[in-house]
Amino acid sequence: MKAETKTGVNELPLEEGEKKGKAEKKAGKRIGYNYIIVKSLKEHKKNDVVKCLYIKGLTRFGFCVIKEGTFGDSKDKHGRDIKDRLLWQKELHESLHGKLRLPKYLGSFEENGNYYLVIELIKGKSIGTLVRKAGPDLRNSLINGDKDGHLYIGYLIQIAALLEKLHREEIVHRDATCGNFIISGSGRVSMIDMELSYSLLRGFPDPPFELGTPGFMSPQQMENQVLPCKSDDVFAFGAMFLQVWTGISPSKLTRPPAEELEGRVKFLIPDPGLAELVIKCLQYDPLQRPSISEVKKNLTAYKKSYSKTSASSNSGAGLPAIGKVHEVVQQGIHTMNSALLADKEKGWFAQNQQTVKDDRSKIDKEYFVSFQFGVSGPLYFLAKAMVSGFDVSGSMSNVEKALKLIEKKYIRREEVAPGLYYGAGGVAIALQTAIHHGLIGGSYDEWIGQLLNNTSNDPGLINGRAGQGLALLGCLTDNRMEVASKRLSQDASFLTEVIKPHGYWSIIYEKKLKAYPGLLFGNAGTLYFLLEYAKFSQDAATLELAENGLTWLIKKAVAEKGKVKWKSPSGHGIGYGLAEGAGGIAMVFLKAYEVTGKQVYRNYAENALLSIPAELTDNCLTQDTGLSGIGEVYLEAFKVLKDEQWKNRAGWIVQLILNTSISHDKYGRYWLADQERHPIAGFMIGNSGILHFLMRYCYPENNAFPLLDPSSVKLSVAKPEKFLQQLHPTSI
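This is a predicted model, so every value here is computed, not measured. (Residues numbered from 1 in each chain as written. Predicted model: local features only at pLDDT ≥ 70, side-chain atom pairs only at ≥ 80, totals over all residues. Heavy atoms only, no water.)

Student: So what exactly am I meant to see when it comes to the domain arrangement of the protein chain here?
Tutor: Accessible area lost during the coming together of the parts is what is often quoted as the interface size. The domains assigned to the protein chain are domain 1 (29-120) and domain 2 (125-306). The gap between the C-alpha centroids of domain 1 and domain 2 is 27 Å. Here domain 1 packs against domain 2, burying approximately 2000 Å² in sum over the two surfaces, 57% of which is carbon and sulfur. Contact with domain 2 buries surface across domain 1, with Arg85, Trp88 and Arg101 losing the most and accounting together for 41% of the total. Here domain 1 and domain 2 share five salt bridges between them. A salt bridge links Arg85 to Glu195; the nearest nitrogen and oxygen atoms lie 4.0 Å apart. At the junction of domain 1 and domain 2, the tally comes to nine residue pairs in polar contact (both at pLDDT 80 or more). (Domains from an automatic or database assignment. Buried area = accessible area lost by both parts, 1.4 Å probe. Salt bridge = Lys/Arg side-chain N within 4 Å of Asp/Glu carboxyl O. Polar contact = N/O pair within 3.5 Å; in protein donor to acceptor, adjacent residues only side chain to side chain.)

Below is the structure:
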């Protein structure tokens, strides 16, 4: 059957001396005789996809898409390579032309041993791209039945109709994802990426090409033990529906047992009829799934009756049970110490940020120390978990490995990165927390002094003076009193010089000075330290400087219907997250209200948080920019403002995180925190940060805001009066 796919294709052998391998994907470079590269659309070791300009005459020119099958690419166990897939895709484009909206086949050629498939460029964006651009507001539109809600239900009906037509041709797509349906400017949907498709009439390819996209593949397709069937596409459609409705990757939602899956779908999709339809699509047994025609019929009927009055307004989900959350956290701690998240020899690993594997299910392991990416975060979390009553005894081997890595990368080096999240400050707090709560012995106290003896000319929180100042406050003990008071005074003086002229500080970006409002990377973080320092030092001048900065933040706010938002220096929205978004900025106003008691700061904190959808759904679960970080801010708002609505919002996020957990048969419960396909243990972008938020929700009395609140370590200075006497700011 393999020879059948190669009919009519130029198979001449390579000329002697002809260059083999991938063509360079550089704009302006020619491929073949008639095609000039405009830009690369996808790069992969097996095949690249580029947008090209084709010129075949004075009147025959335009844009197209070219897929490259690379010479010498590794073959599958049946001796087939990417060229075989592209030849099959060519055949499908030719045979299906005119029967459904699919890119037109324009030609093919070989060059340098590579095979190139040329197809029509469909102008538009994938429905996945549109869902990401719409953000969390799309779910509200779908629930409330407004214009956008109608629009996206219409897109889903068109997708079902395309799959229905494909099934009439007895072909299964097998990679029906939100990335493979393109929406044109006029709202018409087209299907792309047919290379995994299977002909039921011909039983071809034989065997079917592997595999598909995690989360969208049916259990049968993942197991690859039975022949493809139409119900595989029905499962994929149910997964697409979930992603459109929630913005969450189906890889986080479609894996649990049937009973748990049903609960997840009903939690996320409040309309009972739609929830039941999606549940049927996602049944494990393919015989229990409806046909795509039934799906289209049900959706069409729903759309006709779809209105603001008929749509459900919310999920009706109550607050999560503390006992259940405690159980999940304990399970997560167990998984943190398994081979899934920790190397047997080296301990907790991270994803190498400099490389991206083509096979994203495999992780390129790297070993970092910083709180942002490395072992300091899990160390900090486990110390807090210990004092909150969790069993961390199985973690000690990885704790020892973490300490050895800290010694190797930070203690034995003369120069290390400063800062709270990216450097020595966060490592120091992690060690101090671990010592204070008895996770490790006091012999590491000398390391903390060394780590705190770093400085930076950056005023920010994440890797600058503000972060290092918070680290000093967080590690404050009697034996560090004299050094700490001097360093804190120096930090405050430095920040005064930077901020005082304008009330804010700027960085050079794209050859221009720009002032960022955000917490971790911008002015809000610096102001947060100044407020914390003013609270500790009781220094009026420092407080006045911080309030001047808050005035600048207030001037930059954009008010809209009782909500406030901020924009980046380029004029774009900054999102909701802790690092740069509304949640992080709300933190500094919460701190200002806590320190001063002024109502204006409370108002801005509340209005910033009100700009975040109450039932927020998002694919990112991290502390850094995702739901865990926003949940931590809600818990802080409840602590400071004593308003139940913020606890309720945190409870919603807890429920959502519980409903996106994944259970490994061997290792236990874990999360894919963002777009990765392999979990990591890190705090700001991994599992320990998610677990910290869940734990803090259960036991707020034992867990303050991580890193930013010096009381999170719960240290005490034996003689605070002596400490205050030694604080003599030099230029405030």
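Structure's up, so let's keep going.
Student: Just checking my understanding: could you explain the packing of aromatic side chains for this structure?
Tutor: The relation between two aromatic rings is expressed through the spacing of the ring centres and the mutual angle of the planes. A complete count under the given rule lists 20 aromatic pairs for this structure. Relative to Tyr422, the ring of Phe373 has its centre 5.8 Å away and its plane inclined at 25°; by these criteria the two rings are stacked. Highlighted residues: Phe373 in the loop between strand 15 (365-366) and helix 11 (376-387) and Tyr422 in the loop between helix 12 (396-411) and helix 13 (424-436), separated in sequence by 49 residues. Judged by relative accessible area, which is 21%, Phe373 ranks as partly exposed. (Phe/Tyr/Trp six-rings, centres within 6.5 Å; stacked < 30°, edge-to-face > 60°. Helix = DSSP H or I, 4+ residues; strand = E, 2+ residues; numbered from the N terminus. Buried < 20%, exposed > 50% of the residue type's maximum accessible area, 1.4 Å probe, protein only.)

Student: Sorry, what's going on with the sheet that holds strand 10 (residues 189-191) here?
Tutor: One open sheet accounts for three strands, arranged 7-9-10; its pairing is antiparallel. Of all the strands in the sheet, the pair left with one neighbour each is strand 7 (125-126) and strand 10. With three bridges joining them, strand 9 (residues 181-183) and strand 10 adopt antiparallel strand pairing. Bridge pairing links Phe181 to Met191 in strand 10. Seen against the sheet, helix 4 (residues 147-168) touches strand 9 and strand 10 and runs at an angle of roughly 40° to strand 10. (Pairing = 2+ DSSP bridges. Contact = heavy atoms within 4.5 Å. Axes fitted to C-alpha atoms, helices over the stretch in contact; angles between N-to-C directions.)

Student: Any chance you could explain the pairing of strand 4 (residues 61-69) here in plain terms?
Tutor: Summarising burial for strand 4: seven of the nine residues are buried, a large majority. The pairing of strand 3 (residues 49-55) with strand 4 spans seven bridges and is classified as antiparallel. Residue pairing across strands places Ile55 opposite Phe61, the latter belonging to strand 4. Taking the residues between adjacent antiparallel strands as the criterion, strand 3 and strand 4 are bridged by five residues, where Gly57 takes a positive phi near 160°. Where strand 4 lies against strand 6 (residues 114-120), six bridges are found, and the strand directions are antiparallel.

Student: It is not clear to me how the confidence of the model for the protein chain should be interpreted in this structure. Could you clarify?
Tutor: Parts of the model with low pLDDT should not have their predicted coordinates read in detail. In the predicted model, the protein chain carries a mean pLDDT of 89, and the fraction of residues at 70 or more is 90%. Predicted confidence for residues 1-19 stays below pLDDT 50, and this span has 25 contacts to residues more than four positions away or in other chains. Here residues 728-732 scores under 50 on pLDDT; set against residues more than four positions off or in separate chains, the count is 16 contacts. (pLDDT = per-residue confidence, 0-100.)

Student: Could you clarify how one ought to interpret the sheet that holds strand 1 (residues 30-31) in this entry?
Tutor: Whenever strands of a sheet pair, they do so through backbone hydrogen bonds, lying parallel or antiparallel. Here we have six strands laid out as an open sheet, ordered 1-2-3-4-6-5, and antiparallel in their pairing. The open sheet terminates on both sides in strands that have one partner only, identified here as strand 1 and strand 5 (105-111). The pairing of strand 5 with strand 6 spans six bridges and is antiparallel. Bridge assignment links Gly107 to a residue of strand 6, and that residue is Val118. Lying over the sheet, helix 1 (residues 82-96) contacts strand 4, strand 5 and strand 6, oriented at roughly 25° with respect to strand 6.

Student: For this particular structure, what's the right way to read the pattern of salt bridges?
Tutor: Close approach of charged atoms allows side chains with opposite charge to pair. Across all of its chains, the model carries 26 salt bridges by this definition. A salt bridge links Glu260 to Arg264, with the shortest nitrogen-to-oxygen separation between them at 3.1 Å. With a gap of four residues between them, Glu260 and Arg264 both fall in helix 7 (residues 258-268), about one helical turn apart. One salt-bridge network, in which partners are shared between bridges, spans Glu632, Glu636, Lys639, Arg696 and Asp709.

Student: Looking at this structure, how should I read helix 18 (residues 540-556)?
Tutor: Quick reminder: α-helices carry 3.6 residues per turn. Residues three or four places apart thus point the same way. Helix length check: helix 18 (17 residues) gives 25 Å between terminal C-alpha atoms against 24 Å at 1.5 Å per residue, within 8%. Those residues of helix 18 that are buried are in contact with helix 16 (481-499), helix 17 (523-537), helix 19 (582-596) and helix 20 (599-610). (Expected span 1.5 Å × (residues − 1).)

Student: Explain unusual backbone geometry here, please?
Tutor: A negative phi angle is the norm for most residues apart from glycine, just as the trans form is the norm for most peptide bonds. With an omega dihedral of 0°, the bond running from Phe204 to Pro205 counts as a cis peptide bond. Mapped onto the elements of the fold, Pro205 is located in the loop between strand 11 (198-199) and helix 5 (219-223). Residues Glu210 and Leu211 are joined by a peptide bond in cis, for which omega reads -20°. With respect to the helices and strands, Leu211 occurs in the loop between strand 11 and helix 5. Phi is positive for Asn112, which is not a glycine, with a value near 55°. Mapped onto the fold, Asn112 is located in the loop between strand 5 and strand 6. Despite not being glycine, Asp193 shows a phi value in the positive range, around 55°. Note on placement: Asp193 falls in the loop between strand 10 and strand 11.

Student: What exactly am I supposed to notice about the packing of helix 8 (residues 272-281) against helix 9 (residues 292-304) here?
Tutor: Helix-helix packing: each pair is described by the crossing angle between the helix axes and the interaxial distance. Two numbers describe how helix 8 lies on helix 9: the axes approach to 11 Å, and their chain directions differ by 170°. Relative to helix 9, the element helix 8 is oriented roughly antiparallel. Note that helix 8 runs across helix 9; the crossing there is left-handed. Of helix 9, the residues touching helix 8 (which contributes Leu274, Leu277 and Cys281) are Val295, Asn298, Leu299 and Tyr302. (Parallel < 35°, antiparallel > 145°, perpendicular 65-115°, else oblique. Left-handed = near helix turned anticlockwise from the far one by under 90°.)

Student: Any chance you could explain the environment of Leu550 here in plain terms?
Tutor: Relative to the elements of secondary structure, Leu550 occurs in helix 18. Placed 367 residues apart in sequence, Leu550 and Ile183 show a C-alpha to C-alpha distance of 43 Å. If we skip the residues at most four places from it in the chain, Leu550 touches Leu527, Leu531, Val588, Phe589, Ala592 and Tyr601.

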